[in-house]
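Residue-level listing of the chains:
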Amino acid sequence: MDVCRLADGAAHEEAAWDAFVESSSDGTVFHLTAWKRLVQDVFGHRPHYLYAKDANGIRAILPLFEVNGLLSGRVLVSVPYGVYGGLCGADHEARERLTSEARRLGTGRRARHVELRQLHGPMPDLPTKSVYVSFRRSISPDPEV
């Protein structure tokens, strides 16, 4: 299994990435390449979009952005300005490979930390913090409800 980086402007890679996200039960709008372009163009954060693939295609993805904050310093964040968008994909080996690559990238970029914003399935050996609250509710078609 190989770990790759999504190349800027590579339409075929972006299409494969987005198709994977749309087919994944844990994929969100924040995983899509449209969100990458928005954050990159509007906020100027450098993207590091990682994916694990084998002969059958993409097995898992991990979008990361390099954010330089006045208070936080340099950090790598999966999907800034979004609530979820960490590791996406059910393949455990691929998720572990991407987590290892995120650690390596964080060290190489001298990031203070790497933050993965997970909705489901955080990696059991990573530290976590509970500073956010989540809820879901169906939206009724009746505007009175």
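All figures in this text were calculated on a predicted structure; none of them were measured in a lab.

## Some points on the confidence of the model for the protein
Move 1: Per-residue confidence for the protein averages 87 on the pLDDT scale, and 87% of its residues sit at or above 70.
Move 2: Per-element averaging of pLDDT across the protein places strand β5 (residues 114-115) at the bottom with 88 and strand β2 (residues 46-54) at the top with 96.

## Structural notes on a nonpolar patch on the surface
Move 1: A surface patch of nonpolar side chains, amounting to about 400 Å² of accessible area, comprises Leu-38, Val-42, Phe-43 and Tyr-81.
Move 2: Here Phe-43 is to be found in helix α2 (residues 33-43).
Move 3: Looking at Phe-43, the relative accessible area reads 40%, which means it is partly exposed.

## Some thoughts on the packing of aromatic side chains
Move 1: The full count for this structure, using the stated rule, is five aromatic pairs.
Move 2: Ring geometry for Tyr-49 versus Phe-65: centroids 5.6 Å apart, planes at 80°, classification edge-to-face. Of this pair, Tyr-49 sits in strand β2 while Phe-65 sits in strand β3 (residues 57-69), and the two are 16 residues apart along the sequence.
Move 3: On the accessibility criterion, Tyr-49 (1% relative accessible area) is buried.
Move 4: Within the aromatic cluster, the residues linked to one another by ring pairs are Trp-17, Tyr-49, Tyr-51 and Phe-65.

## What to know about helix α3 (residues 92-108)
Move 1: The terminal C-alpha atoms of α3, which comprises 17 residues, lie 24 Å apart, in line with the 24 Å expected from a rise of 1.5 Å per residue.
Move 2: Of all the positions in α3, only Ala-94, Arg-95, Leu-98, Thr-99, Glu-101, Ala-102, Leu-105 and Gly-106 are classed as buried. Along the axis of α3, the buried residues cluster in a sector spanning 165°; they form a single face. Of the residues in α3, the exposed ones pointing more than 90 degrees away from the buried face are Thr-107 and Gly-108.
Move 3: Next to the buried residues of α3 lie β1 (2-5), β2, β3, β4 (73-77) and β5.
Move 4: At the N-terminal end of α3, a side-chain oxygen is found 3.1 Å from the backbone nitrogen of Glu-93, two or three residues along, and the residue is Asp-91.
Move 5: Note on α3: the residue one or two positions beyond its end, Arg-110, has a positive phi of about 60°.

## Thoughts on the pattern of salt bridges
Move 1: Enumeration according to the criterion identifies six salt bridges in this entry.
Move 2: Across the pair Arg-37 and Glu-14 runs a salt bridge, and its minimum N-O distance is 3.0 Å. Of this pair, Arg-37 sits in helix α2 while Glu-14 sits in helix α1 (residues 11-23), and the two are 23 residues apart along the sequence.
Move 3: Close ionic contact of Arg-59 with Asp-54 constitutes a salt bridge, the shortest N to O distance being 2.8 Å.
Move 4: Connected through shared salt-bridge partners, Asp-54, Arg-59 and Asp-91 make up one network.

Conventions used here
- Every chain's residues receive numbers from 1 upward, in the order its sequence appears when written.
- Selection of residues for local features in this predicted model requires a pLDDT of at least 70, selection of side-chain atom pairs for listing and counting requires 80 or more, and totals for whole chains, interfaces and linings are taken over all residues.
- Hydrogens and water are ignored here; the side-chain numbers use all heavy atoms of the structure.
- Note: pLDDT gives the predictor's confidence per residue, expressed from 0 to 100.
- Labels follow the DSSP assignment, with helices taken as runs of H or I lasting at least four residues and strands as runs of E lasting at least two, numbered in each case from the N terminus.
- Here a patch means residues that are over 30% exposed by relative accessible area and free of salt bridges, tied together within 9 Å if like-charged and within 5 Å if nonpolar (Val, Leu, Ile, Met, Phe, Trp, Tyr).
- We get accessible surface area from the Shrake-Rupley algorithm with a probe of 1.4 Å; when it comes to residues, only the shown protein chains can shield them.
- Take a side-chain nitrogen of Lys or Arg and a carboxyl oxygen of Asp or Glu: if they are within 4 Å of each other, that pair is a salt bridge.
- Each residue is placed in one exposure class: buried if its accessible area under a 1.4 Å probe, protein chains only, is under 20% of its type's maximum, exposed if it is over 50%, and partly exposed if it falls in between.
- Only rings of Phe, Tyr and Trp enter the pairing, Trp through its six-membered ring, and a pair is recorded when the two centres are within 6.5 Å. The plane angle decides the type: under 30 degrees is stacked, over 60 is edge-to-face, the rest tilted.
- Here the expected length of a helix is defined as 1.5 Å per residue gap, with one fewer gap than residues.
- Think of it as the arc spanned by the lines of direction from the helix axis to the C-beta atoms.
- The criterion used for residue contact is that any of the two residues' heavy atoms lie within 4.5 Å.
- By the criterion applied in these results, polar contacts are pairs of N or O atoms within 3.5 Å in which, for protein atoms, one can donate a hydrogen and the other can accept it, and in which residues neighboring in sequence qualify only through two side-chain atoms.

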